[in-house]
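Letter by letter, the chains look like this.
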Amino acid sequence: MSAETPVQSTGTFTRLRLRFRDWRGTRPFWAGLFTLLGGIPIAYFPYATLKLGHMSLAMATTAGAGSLIIGVLLFTLGLTMWFQSATRVFAGVAAILLALVSLVVSNIGGFLIGFLLALVGGALALSWAPGEPPVEAAGEHDGADAPTGEAAPEGTPQDPAVAPQFPAVSFEKGEEDGEADGVRAAGGHRVG
């Protein structure tokens, strides 16, 4: 590249892909996707009619309405995980419970496909935690890697926004007050 090469702007596809990537990173995306996909076979199989030549195979059960309700609820919980990530714990627990109920109600949970997808989606929703905001540039915090608190070396600048400061604890042999076998912390509390 030379100095005269014009700067190329990113294309529309790249911009959209990066925006989607940022959006996906701020919510339990995969949990919602698995839960959403788990609802589809649970709701579909009880109403499916497979045709093999001239023979048709109906999978309808007496609990077809229950299967439809479970499938729609799982689909809705998947969307809830995407767009209301604050309710991810409730949505995850509800997805796991609905997946377990689908084993009995809906053709063994959509032939185990929907059951497994909804179960994994609910577990992912329970285990997801929001990420930390990006850290500022490294040059802005002098001594950010140094330990904070009273035990930090002299002259080391401490930024209270980086880490909380805890009082230093020094341990002494607890021989005052008749204690020969314990150790007292600096605050006077017996430890050990």
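What you see is a predicted model, and the numbers here were worked out from it, not measured in a lab. (Residues numbered from 1 in each chain as written. Predicted model: local features only at pLDDT ≥ 70, side-chain atom pairs only at ≥ 80, totals over all residues. Heavy atoms only, no water.)

### A word on helix α4 (residues 88-105)
In step 1: In this model, α4 (18 residues) spans 25 Å end to end at C-alpha, consistent with the 26 Å of a helix rising 1.5 Å per residue.
In step 2: Every buried residue of α4 is listed here: Arg88, Ala91, Gly92, Ala94, Ala95, Leu98, Ala99 and Ser102. Across the axial projection of α4, the buried residues extend over an arc of 165°, all falling on one side. Opposite the buried face of α4, at more than 90 degrees from it, the exposed residues are Phe90, Leu97 and Val104.
In step 3: In this fold, the buried residues of α4 make contact with α2 (29-44), α3 (64-83), α5 (107-111) and α6 (113-127).
In step 4: Following α4 by one or two positions, Asn107 has its phi on the positive side, about 45°. (Helix = DSSP H or I, 4+ residues; strand = E, 2+ residues; numbered from the N terminus. Expected span 1.5 Å × (residues − 1). Buried < 20%, exposed > 50% of the residue type's maximum accessible area, 1.4 Å probe, protein only. Arc of directions from axis to C-beta. Contact = heavy atoms within 4.5 Å.)

### Topic: a nonpolar patch on the surface
In step 1: Nonpolar side chains collect at one region of the surface, where Leu37, Ile40, Tyr44, Phe75, Leu79 and Phe83 lie side by side and expose about 560 Å² of accessible area between them.
In step 2: Among the secondary structure elements, those contributing two or more residues to the nonpolar patch are α2 and α3.
In step 3: Its place among the elements puts Leu37 in helix α2.
In step 4: Given the relative accessible area of 36%, Leu37 is considered partly exposed. (Patch = residues over 30% accessible without salt bridge, like charges linked within 9 Å, V, L, I, M, F, W, Y side chains within 5 Å. Areas by Shrake-Rupley, 256 points an atom, 1.4 Å probe, with all protein chains shown as cover. Salt bridge = Lys/Arg side-chain N within 4 Å of Asp/Glu carboxyl O.)

### A word on the nonpolar core
In step 1: Among the nonpolar cores identified, the biggest contains 14 residues, and Ile70, Leu74, Leu77, Met81, Ala95 and Leu98 are the most heavily contacted of them.
In step 2: Breaking this core down by element, the ones donating at least two residues are α2, α3, α4 and α6.
In step 3: Apart from the residues within four sequence positions on either side, Ile70 is in contact with Ile42, Leu98, Val101, Ser102 and Val105. (Core = buried A, V, L, I, M, F, W, Y, C linked by side-chain atoms within 4.5 Å.)

### What about the packing of α4 against α6?
In step 1: One can describe the packing of α4 onto α6 by two numbers: an axis separation of 8 Å at closest approach and a directional angle of 160°. In terms of orientation, α4 lies roughly antiparallel with respect to α6. Judged by the sense of rotation from one axis to the other, the crossing of α4 with α6 is left-handed. Residues Arg88, Val89, Gly92, Val93, Ala95, Ile96, Ala99, Leu100, Ser102 and Leu103 of α4 touch α6, and the partners they reach there are Phe115, Ala118, Leu119, Gly122, Ala123, Ala125 and Leu126.
In step 2: In terms of residue class, the contact of α4 with α6 is made up of 13 nonpolar, three polar and one charged. (Axes fitted to C-alpha atoms, helices over the stretch in contact; angles between N-to-C directions. Parallel < 35°, antiparallel > 145°, perpendicular 65-115°, else oblique. Left-handed = near helix turned anticlockwise from the far one by under 90°. Nonpolar A, V, L, I, M, F, W, Y, C, P; charged D, E, K, R; others polar.)

### Structural notes on the side chain of Arg27
In step 1: Mapping Arg27 onto the fold places it in the loop between α1 (12-25) and α2.
In step 2: In this structure Arg27 is buried but unpaired, with Asp22 as the nearest side chain of opposite charge at 11 Å.
In step 3: Of note is the side chain of Arg27, whose polar atom sits 3.2 Å from the side chain of Thr26.
In step 4: At 2.5 Å, the side chain of Arg27 forms a polar contact with the backbone oxygen of Trp82.
In step 5: Every residue in contact with Arg27, bar those within four places of it in the chain, is listed here: Met81, Trp82, Phe83, Ser85 and Trp128. (Lys, Arg positive; Asp, Glu negative; His and termini not counted. Polar contact = N/O pair within 3.5 Å; in protein donor to acceptor, adjacent residues only side chain to side chain.)

### Details of the packing of aromatic side chains
In step 1: One pass over the structure, following the stated rule, counts ten aromatic pairs.
In step 2: Ring centres 6.2 Å apart and planes at 70° place the aromatic pair Trp23 and Trp82 in the edge-to-face group. On the criterion of sequence distance, the pair formed by Trp23 in helix α1 and Trp82 in helix α3 is long-range, its members being 59 residues apart.
In step 3: The exposure class assigned to Trp23 is partly exposed, which follows from its relative accessible area of 25%.
In step 4: Ring centres 5.1 Å apart and planes at 65° place the aromatic pair Phe45 and Phe111 in the edge-to-face group. A residue pair is termed long-range when its members are at least 10 positions apart, and Phe45 in the loop between α2 and β1 (49-52) and Phe111 in helix α5 qualify at 66 residues.
In step 5: One aromatic cluster is present, built from ring pairs that chain together Phe20, Trp23, Phe29, Trp30, Trp82 and Phe83. (Phe/Tyr/Trp six-rings, centres within 6.5 Å; stacked < 30°, edge-to-face > 60°.)

Interpretation note: all reported values are geometric properties and have no functional meaning in isolation.
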